[in-house]
Amino acid sequence: VAIVGAKLLLVNDVSLESYLTKVVPSEMPASFHAEALKAQAVAARTYAYADIYNRSNIKFGYTVDDSIKSQVYNNQNTNNNTTNAVNNTKGMIMTYNNEPINAFYYSTSSGLTATSNEVWINSRELGEIVPYLIGRNLSKVNGEIVTFDYQNETSMLAFYKMIKLDTPDNNSPFHRWVTTMNATQLKNTLNANMKISYAANPNLVLTKVGDSWVKQAIPNDIGEVLNVGVSKRGSSGVVIELDIETASGIYKIVNQYTIRFTIRPMHAGSNVETRRARNTDNTYTSTANNISILYSGFFAIEKIADNYSFYGGGNGHGVGMSQYGASGLGNQGKIYREILETYYQNIEIKDITYSYQYNKDAISALIESLD
């Protein structure tokens, strides 16, 4: 316990393996397949080890945070299934070029996983591709990979409207979803959130001036929404840029995260329904009202009159391992290493366990020499 800025900082000093026994059940349901739990344990260990290795939080006085800033810790009690997964993978982490990888994971994929530089974006210029976080198409029908043209919005809309698919993410309620808002509801949520998104990163909320996109303060009232459309999409199928035409101008929102936290159904001013389906369903079978954010950046838009339907799939950022997908692969007979190699490419799985063995005679001799 320490005083930091007139507040108390509480640091829980715990071994890495003990820490994981509270992380894994907090991040993945203990009912998931045993091999998926092992894969989660390795991913969580790698994620924590990378924070330690990179000294990400050392300036704050600790190695990892107990929230989603690092990983969720101690939200759930230990569980025999998850503790066994930790124990059975003790010391195992994923590396690339002998360094721990960024072991991102999330709830559910759309059948597609994302290439990281199409998701983690700070400007319109995409960064370098990370060799172990490259998107994959895991969607099949009758054993054949489902194809699409990521540069054609009609093709992408058809893909996201496909419900009954063979994907690893069996039984996830977020496999497919559609959120519909009218122009007034879109105006309400944009008025509530565009200024916030612009303040967070002006490079990601731009205004069209002439033929250029510029950083410019967002008006308090953007006016009537005239059109919304995807203007740039990554090859992995994720939306990168969304253009919004209103009575006050044309705006561009960059980055799936910024898009999802700007178009928020919960701020639409009236009820917004999201219909959902599992990958074994023929149609949408459940509903949710006024969800906090769009479930993922894997979507396409259909406009009918002044209604905009966001047809999408998955839940989360889409980079790395899908947790529902991991459980589905476990049910298919895949072991945890095969699961990890499905979602992270070009990796090695290594044991970082280190047992210190001291030389009693050498230490005694050293003490005598100091005397």
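So, how was this worked out
Residues numbered from 1 in each chain as written. Predicted model: local features only at pLDDT ≥ 70, side-chain atom pairs only at ≥ 80, totals over all residues. Heavy atoms only, no water. Salt bridge = Lys/Arg side-chain N within 4 Å of Asp/Glu carboxyl O. Helix = DSSP H or I, 4+ residues; strand = E, 2+ residues; numbered from the N terminus. Buried < 20%, exposed > 50% of the residue type's maximum accessible area, 1.4 Å probe, protein only. Pairing = 2+ DSSP bridges. Contact = heavy atoms within 4.5 Å. Axes fitted to C-alpha atoms, helices over the stretch in contact; angles between N-to-C directions. Phe/Tyr/Trp six-rings, centres within 6.5 Å; stacked < 30°, edge-to-face > 60°. 1 Å grid on protein atoms, 1.4 Å probe; cavity = no way out; pocket = protein on both sides within 12 Å on 5 of 7 lines; lining within 4 Å. Points joined across faces, edges and corners; volume = space filled by probe spheres on them. Nonpolar A, V, L, I, M, F, W, Y, C, P; charged D, E, K, R; others polar. Parallel < 35°, antiparallel > 145°, perpendicular 65-115°, else oblique. Left-handed = near helix turned anticlockwise from the far one by under 90°. Expected span 1.5 Å × (residues − 1). Polar contact = N/O pair within 3.5 Å; in protein donor to acceptor, adjacent residues only side chain to side chain.

A. Focus on the pattern of salt bridges. One pass over the structure, following the stated rule, counts eight salt bridges. Where Glu241 meets Arg124, a salt bridge forms, and the shortest distance between an N and an O atom there is 2.9 Å. You can see Glu241 sitting in strand E12 (residues 239-246) and its partner Arg124 sitting in the loop between strand E5 (105-106) and strand E6 (140-141), a full 117 residues away along the chain. Looking at Glu241, the relative accessible area reads 2%, which means it is buried. Linking Glu153 and Arg233 is a salt bridge whose minimum nitrogen-to-oxygen distance equals 2.7 Å. With Glu153 in helix H4 (residues 153-161) and Arg233 in strand E11 (residues 225-233), this residue pair connects regions lying 80 residues apart in the sequence.

B. Structural view of the sheet that holds strand E4 (residues 99-100). Strand order in the open sheet formed by three strands is E4-E3-E19, with antiparallel pairing between adjacent strands. Two strands bound the open sheet, and with one partner strand each, they are E4 and strand E19 (348-351). Across the sheet, helix H2 (residues 34-53) lies against strand E3 (92-96) and E4, angled at about 65 degrees from E3, the strand it touches most.

C. Local environment of the packing of aromatic side chains. Tallying each qualifying case throughout the model produces 14 aromatic pairs. Taking the centre distance of 5.9 Å and the plane angle of 25 degrees together, the rings of Phe60 and Tyr62 count as stacked. For Phe60, a relative accessible area of 43% translates into the label partly exposed. A centroid spacing of 5.3 Å and a plane angle of 45 degrees characterise the contact between Phe148 and Phe159, whose relative ring orientation is tilted.

D. Expanded view of the pairing of strand E13 (residues 249-254). Among the six residues of E13, five are classified as buried, and the element is accordingly described as predominantly covered. Bridging between strand E9 (residues 205-209) and E13 involves three bridges; their strand directions are antiparallel. By the bridge assignment for E13, Val205 is matched with Ile253. Alignment of E12 against E13, held across six bridges, turns out to be antiparallel. Bridged to Glu241 within E13 is Val254.

E. Spotlight on the layout of surface pockets. The calculated volume of the largest pocket comes to roughly 1000 Å³. Lining of the largest pocket is provided by 33 residues; of these, Ile68, Trp120, Tyr257, Arg260 and His317 occupy positions nearest its centre. Put simply, the parts of the chain that give the lining of the largest pocket at least two residues each are E5, helix H5 (183-200) and helix H6 (256-262). Looking at the lining of the largest pocket residue by residue, the classes come out as 16 nonpolar, 14 polar and three charged. Here the second largest pocket defines a volume of roughly 420 Å³.

F. Looking closely at the packing of helix H1 (residues 16-27) against helix H3 (residues 80-87). With their axes 9 Å apart at the nearest point, H1 and H3 run at an angle of 135 degrees to one another. Relative to H3, the element H1 lies oblique. In this structure, H1 meets H3 at a crossing whose hand is right-handed. In this structure, H1 uses Glu17, Leu20, Thr21, Val24 and Pro25 to contact H3, whose residues at the interface are Thr82, Thr83 and Val86. Taken together, the residues of the contact of H1 with H3 break down into four nonpolar, three polar and one charged.

G. Inspection of the environment of Gly223 at higher detail. Topologically, Gly223 is positioned in the loop between strand E10 (212-214) and E11. Gly223 gets classed as buried once you look at its relative accessible area, which sits at 14%. Spatially, the C-alpha atom of Gly223 lies 7.1 Å from that of Lys187, the residues being 36 residues apart in sequence. Those residues in contact with Gly223 that sit more than four places away from it in its chain are Lys187, Thr246, Ala247 and Ser248.

H. Examining the pairing of strand E17 (residues 307-312) more closely. Counting buried residues along E17, five of its six residues qualify, which places the element largely inside the surrounding structure. Of the strand pairs in this sheet, strand E8 (residues 176-182) and E17 are connected by six bridges, and their pairing is antiparallel. The partner of Met181 across the bridge, within E17, is Tyr308. Pairing analysis gives six bridges linking strand E16 (residues 299-304) to E17, with the strands arranged antiparallel. Within the sheet, the bridge partner assigned to Lys303 lies in E17 and is Tyr308. Connecting the antiparallel pair E16 and E17 is a turn made up of two residues, with Ala305 showing a positive phi of about 55 degrees.

I. Spatial organisation of unusual backbone geometry. Backbone geometry at Asn171 places phi at a positive 75 degrees, although glycine is not the residue there. Classification of Asn171 by relative accessible area gives exposed; the value is 52%. Backbone geometry places Asn346, a non-glycine residue, at a positive phi of 60 degrees. Along the chain, the position of Asn346 falls in the loop between helix H8 (336-343) and E19. Since its relative accessible area comes to 53%, Asn346 is described here as exposed.

J. Molecular detail of H5. Taking 1.5 Å per residue as the helical rise, H5 with its 18 residues ought to reach 26 Å, and the 25 Å between its terminal C-alpha atoms agrees with that figure. Burial in H5 covers these residues: Ala183, Gln185, Leu186, Thr189, Leu190, Asn193, Met194, Ser197 and Tyr198. The N-capping residue of H5, defined by a side-chain oxygen 3.1 Å from the backbone nitrogen of Thr184, is Asn182.

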